[in-house]
Every structure is written in structure tokens, then in C-alpha cells.
Amino acid sequence: VINLWASWCPPCRKELPAFQRLSDRLNGALHVVGVNVRDDRSAAQSLAEDFGLRFPNLVDQDDELRVALARPYLPITLFVDAQGEVRHIDMSGALDDVELADLVERHLGVVVPA
């Protein structure tokens with residue numbers, strides 16, 4: 001699961017803790033990766049620390065991934081299977097734990113424990 005986010009994006013800030021909980025609950029059965037987009041590095045790092053994000057986060061300062069995906073706004077979540085195929089792209093807004101678990105199960109076939 002790849003989540004594109006920025007510290008200046010209110011829905012991103014709202015959903016980031018759910019991605020950390022997803023990573024914790026699946027404990028290696030599924031990988032969560034964040035991609036910080038077009039952001040001030042210190043603001044992004046501060047937010048990640050405040051939220052206790054421990055999953056890997058990459059930096060896309062030039063916004064290349066979002067542009068390549070031809071998506072106009074954040075947050076964007078990619079559900080990628082073990083073969084590297086993008087199975088779903090979600091832009092519905094801030095995902096909560098239930099929505100995130102449902103999307104993981106529906107598009108990747110991974111059951112998220114409660």
C-alpha cells in the first residue's frame with residue numbers, strides 16, 4: 001500500500017495514523033510505504049514524528065509520481081499486489097481504519113486483523 005501525502009494536506013494528516021495502525025496490524029504481511037509530495041522537508045519530518053510514523057517514507061519533492069499518475073490532488077493511495085500490479089487507486093479522501101481494511105481485503109486479498 002503506497003500513500004502519497006503532504007503535511008499541508010488536511011485529509012492526509014487525518015488518515016496517516018490509520019496507515020501506521022494498518023502497518024502495525026499486518027506486521028510484515030503487507031507493506032505500507034509513504035511518499036511525501038511537494039512538501040517542506042522539516043514540516044514533513046515533524047509531522048511524521050508527531051504521528052509516530054514508523055513505516056518507510058520517501059520524498060518526491062518535485063511531485064513526479066502524482067503527475068505521472070495524472071491525479072490532481074492528495075491524498076492518493078495505491079494498492080499494489082505482490083507482482084507489482086496496481087490493483088486500485090483511491091482518492092476518496094481521508095481513509096479511516098475500516099475503509100482502509102476493506103480496500104486492502106477487496107483489492108489485495110489480505111485480511112486485516114481487528
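A brief look at the structure comes next. (Residues numbered from 1 in each chain as written. Predicted model: local features only at pLDDT ≥ 70, side-chain atom pairs only at ≥ 80, totals over all residues. Heavy atoms only, no water.)

Scanning the entire structure with this criterion turns up one disulfide. What pairs with C9 in a disulfide is C12, and their sulfur atoms sit 2.3 Å apart. Around the S-S axis, the bridge from C9 to C12 shows a dihedral of about 75 degrees and counts as right-handed. Judged on exposure class, the residue C9 and its partner C12 are both buried. (Disulfide = S-S within 2.5 Å. Buried < 20%, exposed > 50% of the residue type's maximum accessible area, 1.4 Å probe, protein only.)

Across its twelve residues, helix 4 (residues 97-108) extends 16 Å between first and last C-alpha, which sits within 8% of the 16 Å expected from 1.5 Å per residue. Among all positions in helix 4, only L100, A101, L103, V104 and L108 are buried. Down the axis of helix 4, the smallest arc covering the buried residues is 160 degrees, so these residues share one side. Exposed and facing more than 90 degrees away from the buried side of helix 4 are V98 and R106. Buried residues along helix 4 sit in contact with helix 1 (10-26), strand 4 (76-80) and strand 5 (86-90). Capping the start of helix 4, D96 holds a side-chain oxygen 3.1 Å from the backbone nitrogen of V98, two or three residues further along. (Helix = DSSP H or I, 4+ residues; strand = E, 2+ residues; numbered from the N terminus. Expected span 1.5 Å × (residues − 1). Arc of directions from axis to C-beta. Contact = heavy atoms within 4.5 Å. Polar contact = N/O pair within 3.5 Å; in protein donor to acceptor, adjacent residues only side chain to side chain.)

A separate point is the sheet that holds strand 4. The five strands lie next to each other as 3-2-1-4-5, forming an open sheet whose pairing is mixed. Of all strands in the sheet, those bounded by a partner on one side alone are strand 3 (57-60) and strand 5. Adjacent strand axes in the sheet meet at a mean angle of 20 degrees, parallel and antiparallel pairs treated alike. Relative to strand 5, strand 4 runs antiparallel, the two being bridged by four bridges. Paired with F79 across the two strands is H88, which belongs to strand 5. With respect to the sheet, helix 1 is in contact with strand 1 (2-5) and strand 4, its orientation differing from that of strand 1 by roughly 155 degrees. (Pairing = 2+ DSSP bridges. Axes fitted to C-alpha atoms, helices over the stretch in contact; angles between N-to-C directions.)

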